[in-house]
Amino acid sequence: MPYHKRRRKSVRFHLDQRKTARKRKTLEPSLTLQTIELLSLPNSWKLVSGTAAIQLCKFQAESADNLLALEKSISIMTDLLWKVFSSGIQLPAISRLLHGIPSTLKSSSDVLNLLRRVENAIICPGNRETLYVSLVEKRGGSIRSERGSGDSVGYVDCNSMVHVNGQSHSMTVRRRDCDLLCMRGVNSNQNRCKKCQAFRLTLRSALSRLNKTSESIHTDSSSHTKYASLNSTEKDARLRSMHSSLHSLKQQKNA
Ligand SMILES: [Zn+2]
């Protein structure tokens, strides 16, 4: 085929494509809560309609009292703005998981894309080890920063059921800015979010400070704990403490 004919054919093809796209755009109904209600949801999801918003909800059947507990939910308002919740706590607006989803939903594919991301995400397991949970519980359920404002930097979450290595845990310690939902397989360390992973250092040093304090209650020279009830390491520590007190008294006397 001569070049000018081929070129004419190609231009016509592109024009036709543009026309079809325009036609499709005009045919697609604009997105409303009613059109969202007609979308087919994954099996484990339910739609709850309200006057000002609809909720797309995923329930879990493993709550302590065997009642259906809300695991994840997406709330879409009449103006098509949306929010995502994990066990009732709203995800931060800058969540990496939700990056690229328009703040106002424009089409059914935006809704399905959002739903797919939330469906595939896993709940950040936080730091569910009993020693960390009981450490933070001893501090009233919240751990405060040592420096600066002393604001709460972490808390015990009793509302989410977290799953690690096939085991479920009803309590975990999260950093205050935990991502709550993470993309599956992206993070190592049991899919914990980066913030909760970094928080382990704070928890570990708080735990070691606590252990040192409780040890010194028994081993200090002024302690009332009976010497005979101490173990061998504690007896050594008590003797060292007594020796150091004696040394300091002698120095005061000779001064
Ligand atoms: Zn986290």
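What this report covers is the structure whose coordinates are included nearby.

Conventions adopted
- Residues numbered from 1 in each chain as written.
- Predicted model: local features only at pLDDT ≥ 70, side-chain atom pairs only at ≥ 80, totals over all residues.
- Pairing = 2+ DSSP bridges.
- Helix = DSSP H or I, 4+ residues; strand = E, 2+ residues; numbered from the N terminus.
- Buried ≥ 20, exposed ≤ 12 C-beta atoms within 10 Å, placed from the backbone.
- Arc of directions from axis to C-beta.

1. Section: the pairing of strand S2 (residues 53-60)
Okay, so step 1: Looking at chain direction, strand S1 (residues 45-49) and S2 are connected through five bridges and run antiparallel. Opposite Leu 47, over in S2, you have Leu 56 as the bridge partner.
Okay, so step 2: Where S1 folds back on S2, the antiparallel hairpin that results is connected by three residues.
Okay, so step 3: Across eight bridges, the pairing between S2 and strand S3 (residues 69-77) is antiparallel. Each bridged residue has a counterpart across the sheet, and for Ala 53 the counterpart in S3 is Met 77.

2. Things to note about unusual backbone geometry
Okay, so step 1: Of note in the backbone geometry, Leu 80 takes a positive phi value of approximately 70° without being a glycine.
Okay, so step 2: Structurally, Leu 80 is set in the loop between S3 and strand S4 (82-86).
Okay, so step 3: For Leu 80, a count of 18 C-beta atoms within 10 Å puts it in the partly exposed group.
Okay, so step 4: A positive phi is found at Asn 165, a non-glycine position, where the angle reads about 50°.
Okay, so step 5: Note on placement: Asn 165 falls in the loop between strand S9 (162-164) and strand S10 (167-169).

3. What about helix H4 (residues 130-138)?
Okay, so step 1: If you check which residues of H4 are buried, you get Tyr 132, Val 133, Leu 135 and Val 136. Down the axis of H4, the smallest arc covering the buried residues is 160°, so these residues share one side. Those residues of H4 that are exposed and angled more than 90 degrees off the buried face are Thr 130, Leu 131 and Lys 138.
Okay, so step 2: Positive phi shows up at Gly 140, right after H4, with a value of about 80°.

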